[in-house]
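Examination of the molecular architecture
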Amino acid sequence: MLLFLSQEAEARPRPGAAAAGLGPAPSMAVCGEAVGAGSLPSELVVHIFSFLAGPDRLRASAACSHWRECLFYPALWPRLRLSLRVSPAERPRLDFLMRKCGWFVRELRVQFAADNYPGGGVCEGAAAAAEGETPPPLCPRWLDLLRTYLELVLSVLSSVRNNRNLQKLSLFGDISILQQHESISNTYLGKVDPDGKKIKQIQQLFEEILGNSRQLKWLSCGFMLQIVTPTSLSSLSNPIANTMEHLSLLDNQIPGNTTLITAVELERFVNLRSLALDFCDFTAEMARVLADSNHVPLHRLSLLVHKISIMHKSLENMPEDENWKALTRNSTNLRVYIMAFDIKSDDMLRILKPSIPLERIHFDSYITCVSGAVVDLISRQYDKFLTHFILMNDVIDTSGFPDLSDNRNEDPLVLLAWRCTRLSLLAVHGYTVWAHNLIAIARLRGSDLKVLEVTEESIDFDQGELADQDVDPVHNLIEQVSLGLGRPWHAVMDIELLSVFTEPTRHFYREMQSFSEGI
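Counting of residues starts from 1 at the beginning of each chain's written sequence and follows it residue by residue. Only residues with pLDDT of at least 70 are given local features in this predicted model, and only at 80 or more are side-chain atom pairs given and counted; all residues enter the totals for whole chains, interfaces and linings. To obtain the side-chain values, all non-hydrogen atoms of the structure were included, while hydrogens and water were left out.

Going by what an unreviewed UniProt entry lists, the protein is known as F-box protein 33 and is assigned to Chelydra serpentina.

Written as structure tokens, this is what we have:
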């Protein structure tokens, strides 16, 4: 609570003043000075604001016009993190905020979220195209969404184009199905921006930001519908490229074999400590550049293996095991995070080289399931590094969820828990997890397994457990897993309650950010 001295309080006699013959204390009004909140110096108001949370700061600024003027002092807004609903209603508020803060903010993180768009869901036209069917006429709702999205992006980029104080820039375009299906996005873009002027303007603004930057250390751009081009990074001056510490470039709308960064361009980024790319863009030549002694040790490498990229690009140029060995010799503390989206097991067996210092891996599937052989390989090759293992499957199959332990003496997930002694997070949905195996996992890892999330529909019981009339199998499972973990445990009742449940690219981008910041 903010306290102010009032005229009445100032005019109150001081204790003992009358006895001393001093009379009443002179008020500020007697001295001819203004009284109240508006009389405080700007520096003091800003100092007061610095102790308040954002909402409290906004409420306090309503005290008077002087306090409102102090609200947007640069010292109060070193960072700005926005999650924008792609809606026309956001535009006036965004324009006001960016006009006030865009020219001085040091860290800007913006997520454009289309899943909150009025009406929700995916229109029939987009859904049909996603399934390979001939779509009906273009959906007006998605045309409006894309049109609004482009306007919001222009508003953000225009406001920071001349900001030379910018140190961190992070942009994520979460526009659901449009970012996952090239044919859909191109069709809708062609309708919304037929001559390509807005896209060209956005690309030019992005290059202006890079060209004008003087302190940029962190650049992250994910799934922003063609905002980044293969020539964007050339706008960065050599001094800025030489001092850049984090670089993340992800966009599955780039056609053909085009990549957003080449090994030659990467040579300028000698101070890079964390990097996030599409796996197909991370080549053996890039690994050699990063392994060079002129480059500082790389600490974090996040790679997205997406079915769309593998369809359009080749795995022939990916790093071989000797490339990974050379890279880890120069970067002894390197840790790798991989997310694989609908990747065939045969491709994963090619990708997972023994010398990758794999700390986190996330499988997400709508079409292709992971095999037990892949899980077994991971547990054998990365037992010294692996801390996070996520297995998600939304394949609809009338025969039930796939069973990784089918025709195997030991369940691959149990072996994973036994071999990977640093495992701290295990999440499973859409694969059969037998109750007795779940108990074994909890006992093997104990309290070191900080997160164990398994959806209720994924858990199955042996016939013997179900036939025992004296024991409630569900109650027994909860009790035994809780004892093994040393804390209360329950199966996840709804997939949406999973901490790792979210749209795959959004989850990867969020986890990549925290993974890279955790150096």
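From this point, things continue past the structure.
Further remarks concern the overall build of the protein. Helix numbering and strand numbering both begin at the N terminus, where a helix is a DSSP run of H or I of at least 4 residues and a strand a DSSP run of E of at least 2. Broken down by element type, the protein carries 22 helices and 14 strands. Classification of the 519 residues of the protein by burial places 52% in the buried group. Any two residues having at least one pair of non-hydrogen atoms within 4.5 Å are treated as being in contact. Considering only intrachain contacts with a sequence separation of at least 6, the fraction spanning at least 24 residues in the protein is 80%. Of the roughly 23,800 Å² that the protein leaves accessible, carbon and sulfur atoms contribute 52%. When a residue's accessible area, from a 1.4 Å probe over protein chains only, is under 20% of the maximum for its type it is buried; when over 50% it is exposed; and in between it is partly exposed. Note on areas: Shrake-Rupley, 1.4 Å probe, and residue coverage restricted to the protein chains presented here.

Let us now look at the pattern of salt bridges. For this analysis, a salt bridge means a side-chain nitrogen from Lys or Arg found within 4 Å of a carboxyl oxygen belonging to Asp or Glu. Counting across every chain of the model gives 25 salt bridges. Here Asp144 and Arg147 are joined by a salt bridge, their closest N and O atoms 3.0 Å apart. Of the two residues, Asp144 and Arg147 both sit in helix H7 (residues 140–160), three residues apart, roughly one turn of that helix. The partner of Lys325 in a salt bridge is Asp321, and the shortest N-O contact between them spans 3.8 Å. Of this pair, Lys325 and Asp321 both sit in helix H15 (residues 321–330), four residues apart, roughly one helical turn. For Lys325, a relative accessible area of 42% puts it in the partly exposed group. Put simply, Arg335, Glu359, Arg360, Arg510 and Glu511 are held in one network by salt bridges that share partners.

Turning our eyes to something else, we now look at the environment of Lys168. With respect to the helices and strands, the residue Lys168 is situated in strand S3 (residues 168–174). Given the relative accessible area of 25%, Lys168 is considered partly exposed. Residues Lys168 and Leu216, spaced 48 residues apart in sequence, show a C-alpha to C-alpha distance of 6.1 Å. Excluding residues that lie within four positions of it along the chain, Lys168 makes contacts with Arg106, Glu107, Leu108, Leu216, Trp218 and Glu517.

Bringing the sheet that holds strand S7 (residues 300–306) into the picture now. Across the sheet, 12 strands lie side by side as S1-S2-S3-S4-S5-S6-S7-S8-S9-S10-S11-S13; this open sheet has parallel pairing. Of all the strands in the sheet, the pair left with one neighbour each is strand S1 (79–85) and strand S13 (451–454). Going from strand to strand, the sheet's axes swing by 5 degrees on average, the running direction of each strand aside. For strand S8 (residues 335–341) and strand S9 (residues 358–365), the ladder comprises six bridges, and the chain directions are parallel. Bridging from a neighbouring strand, Ala340 pairs with Phe363 of S9. Pairing between strands is defined by DSSP: at least two bridges between them are needed. Axis definition: a line fitted to C-alpha atoms, over the contacting stretch in the case of helices. Angles run 0 to 180 degrees between N-to-C directions.

Within the secondary structure, Thr148 is located in helix H7. The residues contacting Thr148, other than those within four sequence positions of it, are Val86, Ser87 and Pro88.

A few words on the packing of helix H5 (residues 90–101) against H7. The N-to-C vectors of H5 and H7 enclose an angle of 5 degrees; their axes lie 9 Å apart at closest approach. Viewed along their axes, H5 and H7 adopt a mutual orientation that is roughly parallel. Contacts between H5 and H7 involve Glu90, Arg91, Leu94, Asp95 and Met98 on the former and, on the latter, Glu151, Leu152, Ser155, Val156, Ser159 and Val160. Considered class by class, the residues forming the contact of H5 with H7 number five nonpolar, two polar and four charged. For classification purposes, angles smaller than 35 degrees are called roughly parallel, those larger than 145 roughly antiparallel, those between 65 and 115 roughly perpendicular, and all remaining angles oblique. In this classification, the charged set is Asp, Glu, Lys and Arg, the nonpolar set is Ala, Val, Leu, Ile, Met, Phe, Trp, Tyr, Cys and Pro, and all remaining amino acids, among them Gly, are polar.

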